Structure formats: structure tokens, C-alpha cells
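# Coordinate analysis (summary)
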Amino acid sequence: MSYPSRVQIIDVGPRDGLQNEKQPVPAAVKIELVQRLQTAGLTEIEVTSYVSPKWVPQMADNHAVMQGMARQAGVRYSVLTPNLKGYEAAVLDQPDEIVVFGAASEAFSQRNINCSIAESIERFAPVVAAAKAAGIAVRGAMSCTVGCPYEGDIAPERVAYLAGLMKGIGVERVDVADTIGVGTPRKVQAAIEATLQHFGINQVSGHFHDTYGQALSNTLASLELGVWNFQSSVAGLGGCPYAKGATGNVATEDVVYLLHGLGIDTGIDLDALVDAGQYISEQLGRPSGSRVARALLAKRAG
Ligand SMILES: CC(C)(COP(=O)([O-])OP(=O)([O-])OC[C@H]1O[C@@H](n2cnc3c(N)ncnc32)[C@H](O)[C@@H]1OP(=O)([O-])[O-])[C@@H](O)C(=O)NCCC(=O)NCCSC(=O)C[C@@](C)(O)CC(=O)[O-]
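As recorded by an unreviewed UniProt entry, the protein carries the name hydroxymethylglutaryl-CoA lyase and is attributed to Hydrogenophaga electricum. Under the Catalytic activity (unreviewed entry) heading, UniProt states for the protein: "(3S)-3-hydroxy-3-methylglutaryl-CoA = acetoacetate + acetyl-CoA". Comment text from UniProt for the protein, heading Sequence similarities (unreviewed entry), reads "Belongs to the HMG-CoA lyase family."

This is the structure in C-alpha cells:
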């Protein structure tokens, strides 16, 4: 089996990872987390979202975080923008990439962004057009591509349908997200193959939650198809406010350990990444969700 020689990781910890925290995480802590991630070699970081603070209070400090972080050359900072109101607020903070986020499941679309899939695309279209006119890159997140907390299994045809709609409005690349972590390798491959009907392999990334402990297997299955872009959260932070019971994203430390073990270059310093994960875990007052981090920290402690 041959795998890609290089993998690009977007750490979504500051956004996807922290959005569900019940206690407010100070902006200064989020800024320090971004700093530690870029020091560890992450060149893509999903920083925050411009959504309703009534829906997701934890992201209400989006301006403070984006304005407060020290940007590093060569790092791409992305933010979520569900509609023009979000985009107009985000653009003041000069993101490198905006993310519109839809779902392959109608019920999840309604619960997450309060509209149908078709309506979401109508909302995204002017956002995508405005971003492209401003020279800002555009990514599309596709939630529930394998399973939905409200509808159960999601057929690959529905993923292909959403990917086609995203492509139609000018989205440049898409994330195939297993929002509730129910996917297994063949199902995830089917969702990716459905997406590849509309996007090239360089424009598709894997975004796996680890609820059922399948995320690394699903990462490997995606690599087998040639996918070389992945999203993960340092320390395995996360969980979606509209996907009850879903645990965090696969831990970036675990993905990096897997990739380095396969001889795949990530540009990431695993030790520094473990430090970043330890920092945020201490701030949240709980152990890291990364098994690799826990093992390496135990080894360090001797
Ligand atoms: C999308 C909306 C805003 C629609 O919410 P809505 O209620 O349908 O919007 P509306 O246009 O009717 O406006 C209602 C109120 O929201 C305000 N509003 C309207 N838009 C904005 C905005 N952009 N920023 C700030 N405020 C906004 C607007 O000004 C108004 O304020 P009011 O007059 O009541 O004071 C809402 O449903 C929402 O914020 N949802 C939260 C979505 C979210 O952040 N979900 C989690 C991220 S998705 C995810 O985690 C999955 C992903 C991407 O990681 C991949 C995966 O794992 O699957």
C-alpha cells in the first residue's frame, strides 16, 4: 500500500475543540493555544467562528482572539462563517480562509444552522462570492457524511448531492466530516468517493470525530484513497453542540504519531505539540484526550 508522502493537518482545536466548553475559556488562553500550535509547526489553524453568541457562547470572543493572536508568516488562519452577517464580522479580522458549513442530513442542518440544506446553500452563495472577490480562500465543511444523530445512516448519494451544491457555488475545497464519529473505514471511503465526484483529491479533507474509537482507522482508510488533508484537535478537544454524545475530534498528537510512524511528513514537532495539548488540558482542568500525549508524558515523567 502506498500512502501520500506528505500530509497537511488543520488543527481545529481552538474552534471545534473549544466551542462546546461549558465554562468560558478566556480569549488569552485561546490566543496562547494558537501560539503554541504554530510553534509546534501547524501551518493551518481553525481559530474561531462568527456565529450567533446565543447559539454558541464560547465563540463570542472571535474578534478578541483574531485581533490578539500573533500571526506567523506561512500560517493559514481559518474561521467559520454561516451567513453574510458572520462573513462581514469575520472579514474585519482578516482571516486567510472562511468556512461555510453545511450538512448531508436535513435534520442536522436544521438543528445546527436553523435552515434546510437548500436554504443553507442560498445563504452560503453570497458569502463565497464575497470572500472570493476579496481574495479570501473558501472551504466547505460537510457534516454528517456518514451518520446523523437524528436521521441515522447517511447514504453516499446525499454526500455527493451536498458536494455538488458546494461546488456549484464556488467552494474551493471540502471537509468530509464524520460529526458523530460513527463511521468505519469502508463507509468513510464511500463518503469520500462520493465527494470525489465533484472535487479533486487535493481539495478533499478528512474530519473525524473519535466517539467510537474509529478515527485513526478512518484516517488510514482515507490515506489509502490518496487523501492528504486532515483536520484534528490538539488533545482530542471537542464535541459538537448539536450532536449530543459526540466526543472530540481525533487528537492531532495521535494522527501525527500514526503519520510519522508511516514515514509521512507533517512538518509538525510532536513533542512541542504534546506541550500545546498539555497546556490546554491544564487550562480546562482535565487530562488530555490524546493517548499518544498521555503515553509520551508518562515516559517523560520517567
Ligand atoms: C447560523 C445561525 C446564526 C442562524 O441562526 P438564525 O436564528 O436562523 O438566524 P437569523 O438570521 O434569524 O438571526 C437571529 C439572530 O441571530 C443573529 N445572527 C445571525 N447570524 C449571526 C452571525 N453570523 N453572528 C452573530 N449573530 C448572528 C441575528 O442578528 C439575530 O440576532 P437578534 O436580533 O435575535 O439579537 C445560528 O443557527 C447559529 O449561530 N448556529 C450555530 C452554528 C454553529 O456554530 N455550530 C457549530 C459549528 S458546526 C460544527 O461544529 C461541525 C463541523 C464544522 O465542525 C464539522 C463536523 O464535525 O461536522
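## Quick word on the packing of helix 7 (residues 156-168) against helix 8 (residues 185-195)
At their nearest, the axes of helix 7 and helix 8 sit 8 Å apart, and the two run at 35° to each other. Relative to helix 8, the crossing made by helix 7 is right-handed. Taking contact as the criterion, the partners of Pro156, Val159, Ala160 and Ala163 in helix 7 are, on helix 8, Ala190, Ala191, Ala194 and Thr195. Residue composition of the contact of helix 7 with helix 8, grouped by class: seven nonpolar, one polar and no charged.

## Notes on the site of the ligand
Close contacts around the ligand come from 27 residues, with Arg15, Asn112, Asn114, Ser143 and Thr179 the closest. At 2.9 Å from a nitrogen atom of the ligand is found a main-chain nitrogen or oxygen belonging to tyrosine 50. Between the ligand and the protein, one listed contact pairs an oxygen atom with a side-chain N or O atom of serine 143 at 2.6 Å. Protein contact buries 75% of the 1,100 Å² of open area that the ligand shows by itself. In the shell around the ligand, the residues fall into 12 nonpolar, 10 polar and five charged.

## Thoughts on the sheet that holds strand 4 (residues 97-103)
Overall, parallel pairing links the eight strands, which are arranged 1-2-3-4-5-8-9-10 in a closed barrel. Looking at each pair of strands side by side, their axes are set apart by 25° on average, direction ignored. Relative to strand 10 (residues 229-232), strand 9 (residues 204-208) runs parallel, the two being bridged by three bridges. The partner of histidine 207 across the bridge, within strand 10, is glutamine 231.

## Remarks on helix 4 (residues 84-91)
Looking at helix 4, one finds that the buried residues are Gly86, Tyr87 and Ala90. Buried residues of helix 4, viewed axially, fall in a sector of 100°; they line one side. Turning to helix 4, the residues buried within the fold contact strand 3 (76-80), strand 4 and helix 6 (117-133).

## Here's the deal with unusual backbone geometry
The phi torsion at glutamine 94 lies on the positive side, around 55°, for a residue other than glycine. For glutamine 94, the position within the fold is in the loop between helix 4 and strand 4. Residue class for glutamine 94 comes out exposed when judged on its relative accessible area of 58%. Look at cysteine 144: it is not a glycine, yet its phi comes out positive at around 55°. The topology assignment puts cysteine 144 in the loop between strand 5 (137-143) and strand 6 (147-148).

## Here's the deal with the pairing of strand 5
Along strand 5, seven of the seven residues are buried, which leaves the element largely enclosed by surrounding structure. Going residue by residue along strand 5, you find Ala137, Arg139, Ala141 and Ser143 tucked away on one face and Val138, Gly140 and Met142 tucked away on the opposite face as well. Relative to strand 8 (residues 173-178), strand 5 is paired through four bridges, and the arrangement is parallel. Bridge pairing in strand 8 links glycine 140 to valine 174.

## Let's talk about the nonpolar core
Across soluble globular proteins, nonpolar side chains show a tendency to be buried alongside one another. Ile98, Met166, Val171, Leu273 and Ile280 are the most contacted members of the largest nonpolar core, which totals 89 residues. If sequence neighbours within four positions are ignored, methionine 166 has contacts with Val100, Gly102, Ile121, Phe124, Gly140, Ala141, Met142, Val171, Val174 and Phe199.

## Some points on the environment of glycine 263
Relative to the helices and strands, glycine 263 resides in the loop between helix 10 (252-261) and helix 11 (270-284). Accessibility expressed as a relative area gives 62% for glycine 263, which makes it exposed. For glycine 263 and proline 4, which are 259 residues apart along the polypeptide, the C-alpha to C-alpha distance reads 9.7 Å.

## What about the packing of helix 5 (residues 106-113) against helix 6?
Contact geometry for helix 5 and helix 6: axes closest at 9 Å, N-to-C directions at 50°. Between helix 5 and helix 6, the interaxial angle falls into the category oblique. Listed contacts from helix 6 to Glu106, Ser109 and Ile113 of helix 5 are Ile117, Ser120, Arg123 and Phe124. Classifying every residue of the contact of helix 5 with helix 6 gives three nonpolar, two polar and two charged.

## What about the confidence of the model for the protein?
Model confidence for the protein is summarised by a mean pLDDT of 96, while 99% of its residues fall at 70 or above. Reported for the predicted complex are a pTM of 0.97 and an ipTM of 0.98.

Thresholds applied
Residues numbered from 1 in each chain as written. Predicted model: local features only at pLDDT ≥ 70, side-chain atom pairs only at ≥ 80, totals over all residues. Heavy atoms only, no water. UniProt positions renumbered as here; feature names shortened; annotations may be inferred. Axes fitted to C-alpha atoms, helices over the stretch in contact; angles between N-to-C directions. Helix = DSSP H or I, 4+ residues; strand = E, 2+ residues; numbered from the N terminus. Left-handed = near helix turned anticlockwise from the far one by under 90°. Contact = heavy atoms within 4.5 Å. Nonpolar A, V, L, I, M, F, W, Y, C, P; charged D, E, K, R; others polar. Near = heavy atom within 4 Å. Polar contact = N/O pair within 3.5 Å; in protein donor to acceptor, adjacent residues only side chain to side chain. Areas by Shrake-Rupley, 256 points an atom, 1.4 Å probe, with all protein chains shown as cover. Pairing = 2+ DSSP bridges. Buried < 20%, exposed > 50% of the residue type's maximum accessible area, 1.4 Å probe, protein only. Arc of directions from axis to C-beta. Core = buried A, V, L, I, M, F, W, Y, C linked by side-chain atoms within 4.5 Å. Parallel < 35°, antiparallel > 145°, perpendicular 65-115°, else oblique. pLDDT = per-residue confidence, 0-100.

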